[in-house]
Amino acid sequence: MSLKSPSILVVDDEPDICANLRDILSEFGYRVDTATSGAEALKLLAHNRYDVALLDLKMPEMNGVDLYREIKRRSSSTVGLIISAYASTSSAAEALELGAWRILSKPVDAGLVMSCIDEAVSQPLVMVVDDDQELCASLWDALHSQGIRVELAHELAHASRILIDPDFQAAIVDLKFPQGDGLQFCGEMREKYPQLKTILITGYPHDLEERREDRLVDATCFKPFDMVELIDMLRRLTGKMQLSGEGR
């Protein structure tokens, strides 16, 4: 588990369920916010980052699937746990296809919820910084399938704001941006966060011929890259990552 208290967002249109989960989780040291609608949850997300979102599947106006889709867009490393009395429905299957991590049945088993949260926040946390949103989505899917939490950033300024989280173990950073230089960014991150491992990715190897990237990054990977090799590179650099060869 993270050294800091995990932050949890609980969303259910039944206030009693929200209150019960908040009381139980808070007692065990989790930082918990609750919301009784998708709109209320998104307001909280605008000002807070959450490790895990516990979402009721069936809610009026915005259901759990649509809410998780929006949470994933705004905070891609937030692990989605869907709570439902209808775990076998097509909506539950859609949530899993979208990237939600688990479907938990109602009535809620508090012990199982805490076990899932602890397992979720123990996953390695990696930042992917690239202005190619399609590539980012592919990396998210590949790393997520290996039990890795992935935060996406399409601008270097955005990545700088998020990387203050001490839990990030690695950052995969593109070399070229419309505004900014990925190699320079990696060097700045190395000075600020020496424990952070960095992998520079680029489709322009000739652009590095006259530059010394070896002191600024831990590894360089050239596009188009083999996803298996990239994941293995992450494993070797961080050491602590527990990557599954078969995925989830």
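That block above? That's the structure.
Please read all numbers here as calculations on a predicted model, not as lab measurements. (Residues numbered from 1 in each chain as written. Predicted model: local features only at pLDDT ≥ 70, side-chain atom pairs only at ≥ 80, totals over all residues. Heavy atoms only, no water.)

(A) Focus on the overall build of the protein chain. In terms of regular secondary structure, the protein chain is built from 9 helices and 10 strands. The C-alpha atoms of the protein chain give a radius of gyration of 19 Å, which matches the 18 Å a tight globule of 248 residues would have. By its C-alpha atoms, the protein chain is 60 × 35 × 30 Å across when sized along the principal axes. Residue pairs at least 24 apart in sequence account for 66% of intrachain contacts in the protein chain once pairs closer than 6 positions are excluded. Element-wise, carbon and sulfur atoms account for 48% of the exposed surface of the protein chain, whose accessible area totals about 12400 Å². Positive and negative side-chain charges in the protein chain, numbering 26 and 41 respectively, have mean positions lying 4 Å apart. (Helix = DSSP H or I, 4+ residues; strand = E, 2+ residues; numbered from the N terminus. Rg over C-alpha atoms; globule rule 2.2 N^0.38 Å. Contact = heavy atoms within 4.5 Å. Areas by Shrake-Rupley, 256 points an atom, 1.4 Å probe, with all protein chains shown as cover. Lys, Arg positive; Asp, Glu negative; His and termini not counted. Charge placed at Lys NZ, Arg CZ, Asp CG, Glu CD.)

(B) Quick look at the nonpolar core. Residues Val11, Leu55, Leu67, Val128, Leu143, Ile172 and Ile199 are the most contacted members of the largest nonpolar core, which totals 42 residues. Among the elements that line this core, the one with the most residues is helix H6 (residues 133–144), at 6 residues. In contact with Leu67, not counting residues within four places along its chain, are Val11, Gly38, Ala41, Leu42, Leu55, Met59 and Met62. (Core = buried A, V, L, I, M, F, W, Y, C linked by side-chain atoms within 4.5 Å. Buried < 20%, exposed > 50% of the residue type's maximum accessible area, 1.4 Å probe, protein only.)

(C) Spatial organisation of the sheet that holds strand S2 (residues 31–35). Overall, parallel pairing links the 5 strands, which are arranged S2-S1-S3-S4-S5 in an open sheet. Only two strands of the sheet have a single neighbouring strand rather than two, namely S2 and strand S5 (102–105). In this sheet, adjacent strand axes meet at a mean angle of 20° when their direction is disregarded. Against the sheet, helix H3 (residues 64–74) touches strand S1 (7–11), strand S3 (52–56) and strand S4 (79–84), its axis set at about 160° to S3. The sheet strands contacting helix H5 (residues 110–121) are S1, S3, S4 and S5, and the helix crosses S5 at an angle near 170°. (Pairing = 2+ DSSP bridges. Axes fitted to C-alpha atoms, helices over the stretch in contact; angles between N-to-C directions.)

(D) Quick look at the environment of Ile148. With respect to the helices and strands, Ile148 occurs in the loop between H6 and strand S7 (149–153). Residue Ile148 is classed as buried on the basis of its relative accessible area, which comes to 1%. As for Ile148 and Gln123, which are separated by 25 residues in sequence, their C-alpha atoms are 5.5 Å apart.

(E) How the structure looks around the environment of Leu57. The topology assignment puts Leu57 in the loop between S3 and H3. A residue is classified by how much of its surface remains accessible, and Leu57, at 4% relative accessible area, is buried. A C-alpha to C-alpha distance of 38 Å links Leu57 and Arg236, two positions 179 residues apart in sequence.

(F) How the structure looks around the pattern of salt bridges. This model, assessed by the stated rule, comprises 15 salt bridges. Lys223 is the partner of Asp130 in a salt bridge, and the nearest nitrogen-oxygen pair spans 3.3 Å. Placement of the pair is Asp130 in the loop between strand S6 (125–129) and H6 and Lys223 in the loop between strand S10 (219–222) and helix H9 (227–238), with a sequence separation of 93 residues. Of the residues examined, Asp130 reaches a relative accessible area of 0% and is grouped as buried. Here Lys223 falls in the partly exposed class, since its relative accessible area comes to 28%. (Salt bridge = Lys/Arg side-chain N within 4 Å of Asp/Glu carboxyl O.)

(G) Here's a closer look at the packing of aromatic side chains. Tallying each qualifying case throughout the model produces 0 aromatic pairs. Across from the ring centre of Trp140, 3.9 Å away, lies the NZ or CZ of Lys72, which sits over that ring. In this structure, Arg102 packs its charged tip against the face of Trp101, placed 4.0 Å from the ring centre. (Phe/Tyr/Trp six-rings, centres within 6.5 Å; stacked < 30°, edge-to-face > 60°. Lys NZ or Arg CZ within 6 Å of the ring centre and 35° of its normal.)

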